[in-house]
Amino acid sequence: MNFEEKKEILKTVDEEMLLADGFEDALIGFIQIADNTVALYDREKCKQILLDKGMTDYKAEEYIAFNVTSFYRGEKTPAFAYFFEEEKKN
């Protein structure tokens, strides 16, 4: 599913939902917390987008921490998921 298709689905859920500019490929869905629904992004994919643009690992982490995940724009601010790593079974 491309970003435009995802965006259309999100509009049907909540037209006021905010999106994170520049991280379209990291959008993985939406979550509902009580009566509030927000866009959900994969934080590691966000980081990879920055790495692909030439940022160092340190700069990408710093950018995400100060400009993305900490940027609160009200109750419609997107959420960023951290996933546990699964142990590989032999």
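Just above sits the structure.
Every value quoted in this text rests on a predicted model; they were computed, and no experiment measured them.

Undergrad: Give a detailed account of the pattern of salt bridges, specifying residues and quantitative values.
TA: It is possible for side chains of opposite charge to pair when their charged atoms get near one another. Inspection of the entire model under this criterion finds seven salt bridges. Notably, a salt bridge pairs E4 with K7, separated by 4.0 Å at the nearest N-O pair. Taken together, the residues E4 and K7, both in helix α1 (residues 3–13) and three residues apart, mark about one turn of the helix. For E4, a relative accessible area of 45% puts it in the partly exposed group. Take K7: its relative accessible area is 26%, and that puts it in the partly exposed class. Connected through salt bridges with shared partners, the residues R43, K47, D57 and E61 form a single ionic network.

Undergrad: Outline a nonpolar patch on the surface, supporting the account with residue identities and numerical values.
TA: On the surface, M1, I9, V13 and F30 cluster together into a nonpolar patch covering about 380 Å² of accessible area. Positionally, V13 belongs in helix α1. In this structure V13 comes out as partly exposed when scored by relative accessible area, which is 35%.

Undergrad: Give a description of the packing of helix α2 (residues 43–52) against helix α3 (residues 57–68) that names residues and reports values.
TA: Interhelical geometry of α2 versus α3 gives an angle of 125 degrees and a closest axis separation of 9 Å. As summarised for this structure, α2 and α3 are arranged oblique, according to the angle between their axes. The handedness of the crossing between α2 and α3 is right-handed. Contact residues: R43, C46, K47, L50 and L51 in α2; D57, A60, E61, Y63 and I64 in α3.

Undergrad: Outline the environment of P78, supporting the account with residue identities and numerical values.
TA: Positionally, P78 belongs in the loop between α3 and β3 (79–81). Relative accessible area serves as the criterion here: at 15%, P78 is assigned to the buried category. C-alpha of P78 to C-alpha of I64: the two residues are 14 residues apart in sequence and 13 Å apart in space.

Cut-off values and rules
- Residues numbered from 1 in each chain as written.
- Predicted model: local features only at pLDDT ≥ 70, side-chain atom pairs only at ≥ 80, totals over all residues.
- Heavy atoms only, no water.
- Salt bridge = Lys/Arg side-chain N within 4 Å of Asp/Glu carboxyl O.
- Helix = DSSP H or I, 4+ residues; strand = E, 2+ residues; numbered from the N terminus.
- Buried < 20%, exposed > 50% of the residue type's maximum accessible area, 1.4 Å probe, protein only.
- Patch = residues over 30% accessible without salt bridge, like charges linked within 9 Å, V, L, I, M, F, W, Y side chains within 5 Å.
- Areas by Shrake-Rupley, 256 points an atom, 1.4 Å probe, with all protein chains shown as cover.
- Axes fitted to C-alpha atoms, helices over the stretch in contact; angles between N-to-C directions.
- Parallel < 35°, antiparallel > 145°, perpendicular 65-115°, else oblique.
- Left-handed = near helix turned anticlockwise from the far one by under 90°.
- Contact = heavy atoms within 4.5 Å.

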